[in-house]
Amino acid sequence: MTRTSDPAAESTAEVPEYPMPRARGCPFDPPPALRDLQRETPLTRVRLWDGSTPWLVTRHADQRAVLTDPRVSADMTHPAYPRQAPGGNATLSFIGMDDPEHARLRRMVGSAFAVKKVEAMRPMVRRIVDDAVDDLLDGPNPTDLVEAFALPVPSLVICELLGVPYADHGFFQHNSRTIISRGTTPAQRDEAFGRLARYLGGLVAAKLEDPGDDLLSGLGHRIRAGELTADQATATAVLLLIAGHETTANMIALGTLLLLRNPDQLALLRDSDDPAVATRAVEETLRYLSIAHGGRRRVALEDMEIAGRRVRAGEGLVLPNEIANRDPDAFPDPDRLDITRGARHHVAFGFGVHQCLGQTLARLELEVVYRTLYRRVPGLRPAADFEDIPFKHDGFVYGVHELPVAW
């Protein structure tokens, strides 16, 4: 029988800091402290940068239950919302709202990411990936896979989808990195957001006068119809631009490094003509790496029980997907990379009504990359010692700053 405890009676003097450091030499794996908590204390207090002590939820089943519970809020304006960092302008974005407004705003762009619409983009994604491989092979050897391939591919895809000129990629990539870096000050983060907002707001305004067949033109139409304000359209555009290239770019680079470190799994993927193998490999690497780090954040609106303990209304919740995706109750032998396993029930894209809007497009891009890059460049190998590869321990999106490769 589980015992429901009263958190108000517990001391927070020994509450651990979150996020927790990774073990030296194990950059693919979650912090050991998270493993210990998942096994021994699956719901516990942690201390954030501002001194607040929300609850940390570590088990896969508990996270999925929380993310579908109507008594839990994603409202970033709630005073108890456990923010990842000071500052920021995310409150206009639908990801920081609850239904019905969240659902209303999400529907404004949801059709662009529907399964049939995304599948129709497959020829365009294949062209972009093939062109990027051509450029890689025509360029210097060795080279940095991040700059030469992993970043251009999703940036070109999201630019075509949104209607953003790829010639401006240096500008929006720089500001995106500023926004998602843990080392950014509130003033720097607000300035970077402001620059992107002015840029994208200008593009939306231009498309009001001269619309095209792209998502920003669609947002302009919604403004003209009175369904969106200009500020709401701009915030949505900023969200889609950042999320549409940063997460996928990091997944391409880090997933490639992971596969190069597991040559048996890479051989299974490269040598199979079955498209289902690539599909399963995408899900397994998403599970294993869980690029979006820092934990999804929520607030309890009512008293509730999680993992046998009482959480009171107004208390914050942090749900780190990287440890939920290594839960042995959900994924047997979770620390073993196995691209033949069925891993689609991972929470790399979240779960419930707030799960990632662009997950279908991200899956398509990764699948095309996995079926193209390693076949066309079969001799791909790291061009630096593993210990010298710089991992992104300083951001909310995990990956590598550089990945030197040769072939």
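Worth saying up front: this structure is predicted, and the values here are computed from it rather than measured.

Caption draft 1: Representation of the environment of Ala 348 in the model. Tracing the backbone shows Ala 348 in the loop between helix H14 (321-324) and helix H15 (359-376). For the pair Ala 348 and Pro 320, spaced 28 residues apart in sequence, the C-alpha separation works out to 9.6 Å. Residues in contact with Ala 348, not counting those within four places in the same chain, are Leu 286, Arg 296, Asn 321 and Asn 325.

Caption draft 2: Geometry of the packing of helix H3 (residues 101-110) against helix H11 (residues 230-260). Contact geometry of H3 with H11 gives a least axis separation of 11 Å together with a crossing angle of 70 degrees. Taken together, the axis directions place H3 and H11 in an arrangement best described as roughly perpendicular. Pair H3 / H11 crosses with right-handed handedness. On H11, the residues touching Glu 101, Arg 104, Leu 105 and Val 109 of H3 are Gln 232, Thr 236 and Leu 240. A per-class count over the contact of H3 with H11 returns 3 nonpolar, 2 polar and 2 charged.

Caption draft 3: Broad picture of the packing of aromatic side chains. Applying the stated rule across the entire model yields 6 aromatic pairs. Judged by centre distance (6.1 Å) and plane angle (80 degrees), the rings of Phe 28 and Phe 391 are edge-to-face. On the criterion of sequence distance, the pair formed by Phe 28 in the segment before helix H1 (32-40) and Phe 391 in the loop between strand S9 (381-382) and strand S10 (404-406) is long-range, its members being 363 residues apart. A relative accessible area of 11% means that Phe 28 is categorised as buried. What makes Phe 391 buried here is its relative accessible area of 11%. A cation sits over an aromatic face here: Arg 64 above Phe 351, 3.8 Å from the ring centre.

Caption draft 4: Spotlight on empty space enclosed by the protein. Within the structure shown, the criterion is met by 3 cavities of 30 Å³ or more. Looking at the second largest cavity, its volume works out to about 60 Å³. Taken together, Leu 269, Ser 272, Asp 273, Asp 274, Val 277, Ala 278, Arg 371 and Arg 375 make up the full set of residues lining the second largest cavity. Of all the secondary-structure elements, those providing two or more residues to the lining of the second largest cavity are helix H13 (275-289) and H15. Of the residues assigned to the lining of the second largest cavity, the class counts are 3 nonpolar, 1 polar and 4 charged.

Caption draft 5: The pairing of strand S5 (residues 296-300), seen in detail. When you tally the buried positions in S5, you get 4 out of 5 residues, the bulk of the element. Two strands pair when backbone bridges link them, and strand S3 (residues 72-73) and S5 are joined in this way by 2 bridges, in the antiparallel orientation. Looking across to S5, one finds that Val 72 is bridged to Ala 300. As paired elements, S5 and strand S8 (residues 316-319) share 4 bridges and run antiparallel to each other. Residue pairing for S8: Arg 296 is matched across the bridge by Leu 319.

The rules behind the values
- Starting afresh in each chain, residues are numbered from 1 along the sequence in its written order.
- Owing to the predicted nature of the model, reporting of local features is limited to residues with pLDDT of at least 70; listing and counting of side-chain atom pairs is limited to 80 or more, with chain, interface and lining totals taken over all residues.
- Excluding hydrogens and water, the side-chain figures rest on all heavy atoms present in the structure.
- The helix count covers DSSP runs of H or I at least four residues long, the strand count covers runs of E at least two residues long, and both are numbered beginning at the N terminus.
- Pairs of residues are marked as contacts when any of their non-hydrogen atoms sit within 4.5 Å.
- Lines are fitted to the C-alpha atoms to define the axes, a helix being fitted only along its stretch in contact, and any angle between axes, read from their N-to-C directions, falls within 0 to 180 degrees.
- Angle categories are assigned with fixed cut-offs, so that under 35 degrees is roughly parallel, over 145 is roughly antiparallel, 65 to 115 is roughly perpendicular, and the rest are oblique.
- Working rule for handedness: look at the near helix, and if it is turned counterclockwise from the far one by less than a right angle, call the crossing left-handed; if clockwise, right-handed.
- Amino acids outside the nonpolar list (Ala, Val, Leu, Ile, Met, Phe, Trp, Tyr, Cys, Pro) and the charged list (Asp, Glu, Lys, Arg) are all regarded as polar, and Gly is one of them.
- Aromatic contacts are taken between Phe, Tyr and Trp rings whose centres are within 6.5 Å, Trp giving its six-membered ring; a plane angle under 30 degrees counts as stacked, one over 60 as edge-to-face, and the others as tilted.
- The rule is simple: take the accessible area with a 1.4 Å probe, protein chains only, and divide by the maximum for that residue type; under 20% is buried, over 50% is exposed, in between is partly exposed.
- The rule is short: NZ of Lys or CZ of Arg within 6 Å of the ring centre and within 35 degrees of the ring normal puts a charge over the ring.
- Every definition here rests on a 1 Å grid over the protein atoms only: cavities are sets of points where a 1.4 Å probe fits but cannot get out, pockets are open sets enclosed by protein on both sides within 12 Å along at least five of seven lines, and lining residues have some atom within 4 Å of a point.
- Grid points are joined across faces, edges and corners, and a volume is the space filled by probe spheres set on the points.
- Two strands qualify as a pair provided that DSSP identifies no fewer than 2 bridges between them.

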